[in-house]
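# Descriptive analysis of the structure
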Amino acid sequence: MSHNVLLLPGDYIGQEIIPEAEKVLAVVATRFGLDIRTERGLIGGAAVDAEGFPLPASTLEKARAADAVLLGAVGGPAYDNLDRDLRPEKGLLRIRSELGLFGNLRPAIMYPQLVDASSLKPELVSGLDILIVRELTGGIYFGQPRGIREREDGEREGFNTYIYSESEIRRIARLAFEMARKRNGRVCSVDKANVLEATVLWREVVTELAQDYPDVELEHMYVDNAAMQLVRAPKQFDVMVTGNMFGDILSDAAAMLTGSIGMLPSASLNEKGEGIYEPCHGSAPDIAGQDKANPLAMILSVAMMLRYSLDCAAGADAIEAAVGTVLDQGLRTPDIASDGCQPVGTVAMGDAVVAALNAQVNDNE
Ligand code: NAD
């Protein structure tokens, strides 16, 4: 079976990390007998430069035809003064909504080799492996009505609408339960049901759905407590599921537990299991063009793509193991540098992952 993968490098370091992902994907495809066809497209500032829009129709068409999309990052100072509608980030928001990517998966995994990079004590984070499942296309970020208006007394007020339908809640919760089944069988649903009616319904629907998953243990937690628990005792969590805004905040906090943003992949999935796979970081203009970007978040995004969209869990495992190997070898890009380790650049890190993948084959022969 063949798979079409669209590569969207985007801007700044996006242009440097996508080629590393491509190298890794090619090795895995050969080894696991996958027929993967890649093509490139434009998004973000690169698309504005070439075609005048951050998401050209041709890119959207290619993305719709693809089984999965690998995206670098968009944005940067060259584009900060463009009109709102032409900003690179608009391209990203639009492609996510056009593809119906309602489920954002953000793992926070602590590699034992990087335990000193965390802002928390090693004993709190060593062995950490959390998956945050964030609803991505609903909630207060999209709810209507919204705006800034002037009241009769002349004072301005800003307002937004926090709204979730039962079906929106059910579909994201189902994704979380399914993920928990493949992991350690626990879901923590995060809400603010003591204050917000929208999340009273959230809690009800998640509780109902839990009956379909008797093998998964469900716990509910208020978001303020969840934030506290994440920095107090993060290892208590397996899968956390929550709405758009709470997920935005909690997933960034969880990300920092692991030390470097250069290590964190993400996936955004639709109901057909198609998705966009991208690192959690941005386009890092401050280090672009200097061979300093850590390509591992991008490479780990390839692993997520293999697992969730291309049905090749063995390929995903192989990539994750290869990343472990290069860290064991002491190779470090500047963002994860530590005493006694070997400094490497973007390309050398990508090459090392490829070499580690090839060595796995030799070891198995
Ligand atoms: P950023 O994530 O690009 O950078 C924050 C810091 O982390 C910088 O010091 C950067 O050098 C470092 N960093 C990020 N990725 C790294 C990597 N792979 N290896 C080593 N170091 C890395 O965030 P920012 O500086 O706030 O934003 C820069 C631009 O990226 C902005 O235009 C922003 O809008 C955009 N952005 C895009 C996305 C996306 O495409 N999904 C996400 C966030 C920000």
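As shown above, the structure is provided for reference.
A few points on the structure.

Rules and cut-offs
Residues numbered from 1 in each chain as written. Predicted model: local features only at pLDDT ≥ 70, side-chain atom pairs only at ≥ 80, totals over all residues. Heavy atoms only, no water. Core = buried A, V, L, I, M, F, W, Y, C linked by side-chain atoms within 4.5 Å. Buried < 20%, exposed > 50% of the residue type's maximum accessible area, 1.4 Å probe, protein only. Helix = DSSP H or I, 4+ residues; strand = E, 2+ residues; numbered from the N terminus. Contact = heavy atoms within 4.5 Å. 1 Å grid on protein atoms, 1.4 Å probe; cavity = no way out; pocket = protein on both sides within 12 Å on 5 of 7 lines; lining within 4 Å. Points joined across faces, edges and corners; volume = space filled by probe spheres on them. Phe/Tyr/Trp six-rings, centres within 6.5 Å; stacked < 30°, edge-to-face > 60°. Lys NZ or Arg CZ within 6 Å of the ring centre and 35° of its normal. Near = heavy atom within 4 Å. Polar contact = N/O pair within 3.5 Å; in protein donor to acceptor, adjacent residues only side chain to side chain. Areas by Shrake-Rupley, 256 points an atom, 1.4 Å probe, with all protein chains shown as cover. Axes fitted to C-alpha atoms, helices over the stretch in contact; angles between N-to-C directions. Parallel < 35°, antiparallel > 145°, perpendicular 65-115°, else oblique. Left-handed = near helix turned anticlockwise from the far one by under 90°. Expected span 1.5 Å × (residues − 1). Disulfide = S-S within 2.5 Å. Pairing = 2+ DSSP bridges. Arc of directions from axis to C-beta.

In terms of nonpolar packing, the biggest core is built from 97 residues, with Leu70, Leu105, Leu306 and Ile319 touching the most fellow members. Looking at this core, the element that brings in the most residues is helix α10 (residues 296-308), giving 10 residues. Ignoring any residue separated from it by four or fewer positions in sequence, one finds Leu70 in contact with Val5, Leu6, Leu7, Leu8, Ile18, Ala21, Leu25, Tyr277, Met298, Ser301, Val302 and Met305. Counting 15 residues, the second largest nonpolar core, distinct from the first, contains Ala63, Val69, Leu92 and Leu99.

Here we come to the layout of surface pockets. Estimated volume of the largest pocket: approximately 980 Å³. Residue lining of the largest pocket: 34 residues in total, with Glu89, Lys90, Leu92, Leu93 and Arg96 positioned closest to the centre. Counting only elements with at least two residues in the lining of the largest pocket, the list comes to β3 (68-73), α4 (88-98), β4 (103-109), α9 (244-257), β11 (265-269) and β12 (275-279). Take the lining of the largest pocket: its biggest share by element is eight residues, from α4.

With that settled, consider the packing of aromatic side chains. What the rule picks out here adds up to four aromatic pairs. Considering the side-chain rings of Phe177 and Tyr213, the 4.9 Å spacing of their centres and the 10° angle between planes classify their relative orientation as stacked. Of this pair, Phe177 sits in helix α6 (residues 166-182) while Tyr213 sits in the loop between α7 (197-210) and β9 (217-222), and the two are 36 residues apart along the sequence. Residue Phe177 shares its accessibility class with Tyr213, and that shared class is buried. A network of ring pairs unites the aromatic residues Tyr162, Tyr164, Trp202 and Phe246 as a single cluster. The ring of Phe159 carries Arg149 above its face, with NZ or CZ at 3.8 Å from the centroid.

Now for the site of the ligand. Around the ligand, 20 residues are found, and the nearest of them are Gly76, Glu89, Gly282, Ala284 and Asp286. A distance of 3.5 Å separates a nitrogen atom of the ligand from a polar atom in the side chain of Glu278. Here the ligand loses 67% of its free accessible area of 800 Å² to cover by the protein chains.

At a closest axis distance of 8 Å, the pairing of helix α1 (residues 14-32) and α10 adopts a crossing angle of 40°. If you check the angle between α1 and α10, you find them oblique. Both α1 and α10 take part in a crossing whose hand is right-handed. From α1, Ile17, Ile18, Glu20, Ala21, Val24, Leu25 and Val28 reach across to α10, where they touch Met298, Ile299, Val302, Met305 and Leu306.

Taking 1.5 Å per residue as the helical rise, α9 with its 14 residues ought to reach 20 Å, and the 20 Å between its terminal C-alpha atoms agrees with that figure. Phi turns positive, to about 100°, at Gly259, one or two residues after α9.

In the structure shown here, the tally under the stated rule is zero disulfides. Residue Cys188 stays outside any disulfide, its sulfur separated by 19 Å from that of Cys280, the closest cysteine. On the accessibility criterion, Cys188 (2% relative accessible area) is buried. Residue classification places Cys280 among the partly exposed residues on the basis of a relative accessible area of 22%.

Burial of strand β5 (residues 129-135) is extensive: six of the seven residues sit out of reach of the surface. Taken together, the seven bridges between β4 and β5 define a ladder with antiparallel strand orientation. Across the sheet, the residue bridging to Pro107 is Leu131, located in β5.

Mapped onto the fold, Asn270 is located in the loop between β11 and β12. Judged by relative accessible area, Asn270 falls into the buried class, the value being 10%. A polar contact of 3.0 Å, which involves the side chain of Asn270, links it to the backbone oxygen of Leu99. Residues within four places of Asn270 in sequence aside, it is in contact with Leu99, Gly100, Leu101 and Phe102.

Counting buried positions along β4 gives six out of seven residues, so the element sits mostly inside the fold. Summarising the sheet, β4 and β11 pair through three bridges and their orientation is antiparallel. Within β11, the position partnered with Asn104 by the bridge is Ser268.

This part is about the sheet that holds strand β1 (residues 2-10). Strand order across the open sheet formed by 10 strands is β2-β1-β3-β12-β11-β4-β5-β10-β8-β9, with mixed pairing between neighbours. Of all the strands in the sheet, the pair left with one neighbour each is β2 (35-40) and β9. If you compare each strand with its neighbour and ignore which way they point, the axes differ by 20° on average. When strand β8 (residues 186-191) meets β9, the two strands line up parallel, connected through six bridges. Counted as the bridge partner of Asp191 is Tyr222 from β9. Lying on the sheet, helix α3 (residues 57-65) is in contact with β1, β2 and β3; it crosses β1 at an angle near 145°.

Bringing α3 into the picture now. When we look at burial in α3, the residues that qualify are Thr59, Leu60 and Ala63. Angularly, the buried residues of α3 cover 95° about the axis, an arc narrow enough to put them on a single face. Those residues of α3 that are exposed and angled more than 90 degrees off the buried face are Ala57, Glu61 and Ala65.

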